[in-house]
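Next come the chains, spelled out residue by residue.
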Amino acid sequence: MVEKNKDQSLNLEKASLDQVIKELHVDTKVGLPTAEVQSRFEKYGANELTTKEKSFASQILHAFMGPISYMIELAAIVSAIIGHWDDFIIILILLLFNVTIELWQNRKASSALAALKKGLAPQATVLRNGKFQDIPARELVPGDVIKVRLGMVVPADVRLISGDYASIDQAALTGESLPVTKKVGDEAYSGSVVKQGEMLGVVIATGANTFFGRTAKLVASAGTVGHAQKAMFQIGNFLIVVAVILATIMVAFQVYQDIAITKTWGLNSALNILEFVLVLLVASIPVAMPTVFSVTLALGAVHLSKQKAIVSKLASIEEMAGIDILCSDKTGTLTKNKLTLGKTTLVDAKDEQECISAAALASKSENHDAIDDAVIAAVKDKDALKEWQLDKFIPFDPVSKRTEAHSHNQKGDVLYTAKGAPQVITALAKPSADEAAKINQTVSDLANRGYRALGVAKSTDQGKTWSILGVLSMFDPPRDDSKETIKNAIDNGIHVKMITGDDTAIAIETARQLGMGTKILNSADVFPEKFDPDHVPEKIVNTIEDADGFARVFPEHKYAIVKALQKKGHIVAMTGDGVNDAPALKQADCGTAVQGATEAARSAAALILTAPGLSVITTAIKEARKIFKRITAYTIYRVALTMTIMFLVVLSSIIFKFQPLTAIAIVMMSLLDDLPIMSIAYDNTAVGNRPMRWQMSHVLTTATILGVFSVIQSMLMLSVGHGLIDTHDTFGWLNMTSQSQLQTIMFLQIVSAGCLMLFVCRAEKWVFERPFPAKILLLATCSTQILTILMCCFGWLVPAISIETIAFVWIYNVVWMFIMNIIKLAVDKHLNK
């Protein structure tokens, strides 16, 4: 439903034409005078969509916000204050990379409204001061009288006031599968396309008040915070809390030491504490985590593109993994969007082909009318049609509701044929009571099943008498792969709801043929005439969740359905192809534009299918679940490793009064462990048949427990190493003589332990069981481990240690890998209960 222009007390969509014209104060023979046009233009504004866009500066500022971003920025600032410029440069590069990724995503998302604007008419033919003139469509005002004719885009919402009829394609706005025949008194929507006829109309709404404008408003307000973004916030907040607690403990301990015990408090002490806080900050920040997320999703997007699914919003990949409801458009997505003849009910015809051939003679292929095309395509012997020469063709109009053709053949036979609404053909032929009853029953049965009925008649005496040949049934059939795709979706824990602008009976019959639920409701029976799609009452929300689909929906209904399902905790995918789908596509967790979608739909969508049908999206969901599982494994690994580093730094400082890691070493560890992990996007992963979503309690609990045991692992190594400095003779073969070498040992221990922990985190059960790591993941991790060993062996950036020491550290970590594997299995078993 369209909002009427402000300050209008009358509903111009439903009022009588006389009331509309009176309300708009216009003489339909003369049009509006120039002075009145100027006055109304000032009152109602231009007939165009207006958008409020964020400035580039505000977008940049927003990209630097968020818990993990704040942590990274604080670390960079502290690095600069104390002059650790190498740390500062590395941290800044990672921060700028993350900001660039977000800005690119925002640019893609803002294109939906720009695409909507392109769907508006650029010009209009308007009656003003008694003369027709062409003007830019943006200058139209309510009350203008305009021409609506073949091939034009309707420039504003109008009520048709004169003319025979107009056939208008409003499928992109309402989802109806066939052009709608309009007559005097009907409404034509801005953005719809005139396929046949010419009429005059009076403008009742312009700009944002039109049906099209209301859709644009919904697009502007639509959108959700992604679950991945929420997860990043929770992880960031968790690590901040842990870091603040540890920093408070450490600073309090250090201040107490300097003031109460050593009595050496001064500027140097304060700078030392600040340097420690920097080390702890860097340790607490998974600096590469946003980058790994983005790159992993980007590599996943490349893989999905090979499956005929183009990702325009990277976060949608993560959302796809958790989809439990798929709201699918019907026409062209579940069906072929091509009328096909079904069973023919015969009356006077001897067989189906006689009836179909007569209907084909009353059709014109050059018109490319959907019904004519379906009839002609069903004729088996098309050469037989060529025997008849067309003398006269009377096209369909909403008054006669039929087409009629006068033909003759070489023998001189004359044949009149007609096809149209069954009641019209019945009245034309005047059949017997039994035949009339049979026809009426057939039409009723077809209507109940969602089929369209078409009566066919012929006359051999130049129209003096007619005989009914039969009734053709027509239906937009399901796509060949739709039924299997629906079953596949259901088997994978996804409930498919049909959302269509078509009639309820048609929707129910399509659902029945596809094996979907048939509890499909008419939107008018569910939604009140005036409602706020952002705040749907709880009773309606429950109805939406319980239904199998909705028919006769408008854009605000689709948007409200998606938002209501999200309110109930569902992760919702929405497919569509028209302007009417754009608000719901943008609001959905994963809006999907199907093949052949309008530019507005593609711009609003997060996923664009380049192959027909829904089978592509089910393939994409399976792939997304694999990617999500990889990201979850990485998150557990990274949080556990981050906690290890934080606790190691604090405990070592308190117990041994020794910093086991420098700030640059921590950043290097992040790079050595995280950069090869980006290849996790190609890892071999088992995919389940249930939706997958972030379970932060499970993720953080697992990561915390693994982190605690990893701290024990590292502290044991540190204790041994610290003791060896004082008792060198006991383990002389390790050749460790200084604390700087101990820092190298801890650097090696954490880098190699982190690598092995990843294999523990990615494993379903045991690390040596299938699915094995992908070759590229093994190659990447082995390469960085070899690089780390060479750094430690030859003293690149860190003090050198012996090859025996390196071997000792690796054997120690491999033993601990199996211990960590046992711990993870125990944690999973407990949490899964």
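Scroll up to find the structure this text is about.
The present account deals with the structure reproduced in this document.

Cut-offs applied
- In every chain, residue numbers begin from 1 and rise along the written sequence.
- The predicted origin of the model limits local features to residues at a pLDDT of at least 70 and limits the giving and counting of side-chain atom pairs to 80 or more, whereas totals for whole chains, interfaces and linings rest on all residues.
- Based on all heavy atoms of the structure, the side-chain values leave hydrogens and waters out of the count.
- Here, any two strands with at least 2 DSSP bridges between them count as paired.
- A run of H or I in DSSP counts as a helix once it spans at least four residues, and a run of E counts as a strand once it spans at least two, with each numbered from the N terminus.
- Axis definition: a line fitted to C-alpha atoms, limited for helices to the stretch in contact. Angles are taken between N-to-C directions and run from 0 to 180 degrees.
- Residues count as neighbours in contact if any of their non-hydrogen atoms are within 4.5 Å of one another.
- With a 1.4 Å probe rolled over the protein chains alone, any residue whose accessible area is under 20% of its type maximum counts as buried; one over 50% counts as exposed, and the rest are partly exposed.
- Residues scored as charged are limited to Lys and Arg (positive) and Asp and Glu (negative), so that His and the chain ends carry no count.
- Salt bridges are defined by distance alone: a side-chain nitrogen of Lys or Arg within 4 Å of a carboxyl oxygen of Asp or Glu.
- What qualifies as a polar contact is a pair of N or O atoms within 3.5 Å, subject to a donor-acceptor requirement within protein and to the restriction that residues adjacent in sequence count only when both atoms come from side chains.
- Angle categories are assigned with fixed cut-offs, so that under 35 degrees is roughly parallel, over 145 is roughly antiparallel, 65 to 115 is roughly perpendicular, and the rest are oblique.
- Gly falls in the polar group here, along with every residue not listed as nonpolar (Ala, Val, Leu, Ile, Met, Phe, Trp, Tyr, Cys, Pro) or charged (Asp, Glu, Lys, Arg).

1. Details of the sheet that holds strand β23 (residues 607-609)
Pairing between the strands of a sheet is mediated by backbone hydrogen bonds and can be parallel or antiparallel. Across the sheet, eight strands lie side by side as β9-β23-β22-β21-β10-β18-β20-β19; this open sheet has mixed pairing. Strands with a single pairing partner mark the edges of an open sheet, and in this sheet they are β9 (309-311) and β19 (520-522). Here the strands of the sheet are splayed against their neighbours by 20 degrees on average, with no regard to which way each runs. The pairing of strand β10 (residues 325-328) with strand β18 (residues 495-499) spans four bridges and is classified as parallel. Note that in β18 the partner of S328 across the bridge is M498. The strands touched by helix α19 (residues 504-514) within the sheet are β18, β19 and β20 (549-551), with β19 carrying the most contacts at an inclination of about 170 degrees.

2. Observations concerning the side chain of R159
Following the sequence through the fold, R159 ends up in strand β4 (residues 157-162). It is E187 that comes nearest to the buried, bridge-free R159 among opposite-charge side chains, at 6.1 Å. A polar side-chain atom of R159 sits 2.6 Å from the main-chain carbonyl oxygen of L12. Engagement of the side chain of R159 in a polar contact is seen with the backbone oxygen of A15, the distance being 2.9 Å.

3. Observations regarding the packing of helix α21 (residues 538-546) against helix α22 (residues 555-567)
At their nearest, the axes of α21 and α22 sit 9 Å apart, and the two run at 95 degrees to each other. Taken together, the axes of α21 and α22 are roughly perpendicular relative to one another. On the side of α21, the interface is formed by E538, V541, I544 and E545, while α22 contributes A560, I561, A564, L565 and K567. For the contact of α21 with α22, the class distribution of residues is six nonpolar, no polar and three charged.

4. Points about the pairing of strand β14 (residues 402-408)
Within β14, six of the seven residues are buried, which leaves it mostly tucked inside the rest of the structure. Across five bridges, the pairing between strand β13 (residues 389-394) and β14 is antiparallel. Considered in β14, the bridge of L390 is made with S407. Relative to strand β15 (residues 414-420), β14 is paired through seven bridges, and the arrangement is antiparallel. Bridge pairing in β15 places E404 opposite A418. Turn length for the β14-β15 hairpin, with the two strands adjacent in sequence and antiparallel, is five residues, and the turn residue G412 shows positive phi of about 95 degrees.

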